[in-house]
Amino acid sequence: MTDRKRTPMSYDLVVIGTGPGGYVCAIRAAQLGLRTAVVEKRATHGGTCLNVGCIPSKALLHASEAFEEATKHFADLGIEVSGVKLDLKKMMGFKAEGVAGNTKGVEFLLKKNKVDTFHGTGKIAGAGRVEVVSEDGGNQMLETKSIVIATGSDVTRLPGVTIDEKVVVSSTGALELDRVPKKLLVIGAGVIGLELGSVWRRLGAEVIVVEYLDRVLPGMDGEVGKQFQRILTKQGIQFKLSTKVTGVEVGKKGANVTVEPAAGGEAESLQADVVLVAIGRVPYTEGLGLDTVGVQRDDKGRILTDAHYATNVTGIYAIGDVIAGPMLAHKAEDEGVALAETLAGQSGHVNYGVIPNVVYTFPEVASVGKTEEELTKDGIAYNAGKFPFTANGRAKANGTTDGFVKVLADAQTDRVLGVHIVGADAGNLIAEVAVAMEFGASSEDIARTCHAHPTLTEAVKEAALAVSKRAIHV
């Protein structure tokens, strides 16, 4: 904890939680002249994302992809290698270096912007008061005009299943395994399950994914989900869809997982060395004292806020995973900036219609805006243009031809309503259309913008051309 006298400190703003939403909110507030402090229960800043989520998982995705390239695909490029071995301990060290670099970077940025930091558990003690309890039991009372709750989310537990982070693991434990499991069973075919399943499949595990629904990546474009599942199946991941897990028993040799059809039917048992529970995340508000001060929440435990992130209690605000909306780091960051600017008397704003979503497997999946299913449900007439990477020159040269780009545009105005990509580097490709959509672009605008050749971005242009059925290379 910061070395201070045990007297109340006075601030304009105290942010509880230094994940992407919290630390960005604090930095922006400090830039705007507000005296700001942050409270963080971890020893390091960055929240789930930097410590046990986005950053370490991307490090392992990158490293495992490089390992698979060396063992399986270099020969296709005329590169002969032999004796390639996996040093898992060193790979985990590579991951740890990336985490440390990022968390120390946040610490530096907070100091640079003169944000006071307090390490301990933050609790709202009343109007304008935050109590910080350190691990050694000491406490500090902070007084402030405004309080921001940015405490993020926690893993969703499966009823009746105990996560021990050894045999039955959450995403946190799946990032710390000390050996490659022979069999990994993943419960949940969402982003986290597919990313971490991909990591361990590349490193040698037999991976089976069990999903209650009849598709992977629930909530994303249906056509994208179907093709992506085919790609992952070709890579070696097995799927059991429309299937529910009814029990997990841990023994000396791993776990016995009982499953049955979601609609009901005969049960079967599956054996696994490690079981990853990846069925989603829930808002983390434990110990904040919300009930005591009267902050309202919905039936999913999310804090209720108005359009300016204010709760029903004057002076208390919330952003990120603890409120409604996609649980994405960049969504939380934008909310943090918008709230800081609002508190400083400016006009903060987040366009929730243009929040990109990315799955960092190989190939990647990326989307922004509406899906075809959502447009159909809302009764919005649209035109679709699709272009496969098999027809893209750079993709063919690189041997990365899986996937496609799909552009959805309003049938009357041609305004782009959604874009969905399965393919190499999709997470970067989606940025172009996010910018275009932010400025209300039409598919014609994208189609008439000159794209460098040969690049994967040309597939975006061709998909935009395909909206009016005039793609050139297909």
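Residues numbered from 1 in each chain as written. Predicted model: local features only at pLDDT ≥ 70, side-chain atom pairs only at ≥ 80, totals over all residues. Heavy atoms only, no water.

As recorded by an unreviewed UniProt entry, the chain carries the name Dihydrolipoyl dehydrogenase and is attributed to Methylobacterium pseudosasicola. In its Catalytic activity (unreviewed entry) section, the UniProt record describing the chain reads: "N(6)-[(R)-dihydrolipoyl]-L-lysyl-[protein] + NAD(+) = N(6)-[(R)-lipoyl]-L-lysyl-[protein] + NADH + H(+)". (UniProt positions renumbered as here; feature names shortened; annotations may be inferred.)

In this approach a probe as big as a water molecule rolls over the atoms, and the regions it shows empty are the leftover space. The volume enclosed by the second largest pocket comes to roughly 530 Å³. What lines the second largest pocket is a set of 19 residues, and nearest its centre among them are E69, H73, F362, G399 and T400. Only α3 (54-73), α6 (191-202) and α7 (222-235) provide two or more residues apiece to the lining of the second largest pocket. Here the lining of the second largest pocket gets five residues from one element, more than from any other, and that element is α3. (1 Å grid on protein atoms, 1.4 Å probe; cavity = no way out; pocket = protein on both sides within 12 Å on 5 of 7 lines; lining within 4 Å. Points joined across faces, edges and corners; volume = space filled by probe spheres on them. Helix = DSSP H or I, 4+ residues; strand = E, 2+ residues; numbered from the N terminus.)

Let us now look at helix α1 (residues 20-31). Under the 1.5 Å per step criterion, the end-to-end length of α1 is 16 Å for twelve residues, consistent within 8% with the ideal 16 Å. Among the twelve residues that make up α1, ten are buried, leaving the element largely enclosed by the rest of the structure. Where α1 is concerned, the buried positions are P20, G21, G22, Y23, V24, C25, A26, I27, A29 and A30. Next to the buried residues of α1 lie β1 (9-16), β2 (36-40), α2 (47-52), α4 (88-112), β6 (139-149) and α9 (329-343). (Expected span 1.5 Å × (residues − 1). Buried < 20%, exposed > 50% of the residue type's maximum accessible area, 1.4 Å probe, protein only. Contact = heavy atoms within 4.5 Å.)

Leaving glycine aside, a negative phi is the common case for residues, and trans is the common case for peptide bonds. Of note, the amide linkage connecting F362 to P363 takes the cis form, showing an omega dihedral of -5°. Examined against the element boundaries, P363 turns out to sit in the loop between β18 (357-359) and β19 (364-369). Omega for the peptide link from H453 to P454 comes to -5°, which places this bond in the cis form. As for its placement among the helices and strands, P454 is situated in the loop between α13 (443-447) and α14 (458-467).

Time to look at the sheet that holds strand β22 (residues 416-423). In sheet architecture, strand pairing relies on hydrogen bonds along the backbone and comes in two forms, parallel and antiparallel. Strand order in the open sheet formed by five strands is β18-β19-β22-β21-β20, with antiparallel pairing between adjacent strands. At either end of the open sheet lies a strand with only one pairing partner, and these are β18 and β20 (382-388). Adjacent strand axes in the sheet meet at a mean angle of 10° when their direction is disregarded. As paired elements, β19 and β22 share six bridges and run antiparallel to each other. Directly across from G369, in β22, lies its bridge partner G418. Its contacts with the sheet place helix α12 (residues 426-438) against β18, β19 and β22, and it is angled at close to 10° to β19. (Pairing = 2+ DSSP bridges. Axes fitted to C-alpha atoms, helices over the stretch in contact; angles between N-to-C directions.)

Right, let's talk about a nonpolar patch on the surface for a bit. A cluster of nonpolar residues, L77, I79, V81 and V84, forms a patch on the protein surface that exposes about 320 Å² of accessible area. As for its position among the elements, I79 is in the loop between α3 and α4. (Patch = residues over 30% accessible without salt bridge, like charges linked within 9 Å, V, L, I, M, F, W, Y side chains within 5 Å. Areas by Shrake-Rupley, 256 points an atom, 1.4 Å probe, with all protein chains shown as cover. Salt bridge = Lys/Arg side-chain N within 4 Å of Asp/Glu carboxyl O.)

This part is about empty space enclosed by the protein. As enumerated under the stated definition, the model contains one cavity of 30 Å³ or more in all. Lining of the largest cavity is provided by V155, T156, S170, S171, I192, V277, A278, I279, G280 and R281. Within the lining of the largest cavity, the residues separate by chemical class into five nonpolar, four polar and one charged. (Nonpolar A, V, L, I, M, F, W, Y, C, P; charged D, E, K, R; others polar.)

Below, the discussion takes up the confidence of the model for the chain. Low pLDDT means the predicted coordinates in that region are not meant to be read closely. Residues at a pLDDT of 70 or more form 98% of the chain, whose mean pLDDT is 96. Across residues 1-6, where pLDDT falls below 50, the model places 17 contacts with residues more than four positions away in sequence or in other chains. (pLDDT = per-residue confidence, 0-100.)

Here the focus is the UniProt feature "domain: Pyridine nucleotide-disulphide oxidoreductase dimerisation" (unreviewed entry) in the chain. As recorded in UniProt, the sites labelled "domain: Pyridine nucleotide-disulphide oxidoreductase dimerisation" (unreviewed entry) are residues 355-464. Along residues 355-464 the backbone is 34% helical and 28% strand, and the end-to-end C-alpha distance reaches 20 Å.

Tracing the sequence through the fold places D321 in the loop between β17 (316-318) and α9. One buried charged side chain, D321, makes no salt bridge at all; its nearest oppositely charged neighbour is R281, positioned 4.7 Å away. At 2.7 Å, the side chain of D321 forms a polar contact with the side chain of S153. Sequence-distant contacts of D321, that is, excluding residues within four places in its chain, are made with G152, S153, P283, M327 and L328. (Lys, Arg positive; Asp, Glu negative; His and termini not counted. Polar contact = N/O pair within 3.5 Å; in protein donor to acceptor, adjacent residues only side chain to side chain.)

This next bit is on the packing of aromatic side chains. One pair of aromatic rings is described through two measures. These are the centre distance and the angle between the planes. In this structure the tally under the stated criterion is one aromatic pair. Seen from the ring of Y11, R35 lies directly overhead, with NZ or CZ sitting 4.7 Å from the centre. Lying over the aromatic face of F404, K386 brings its terminal NZ or CZ to 4.9 Å of the ring centre. (Phe/Tyr/Trp six-rings, centres within 6.5 Å; stacked < 30°, edge-to-face > 60°. Lys NZ or Arg CZ within 6 Å of the ring centre and 35° of its normal.)

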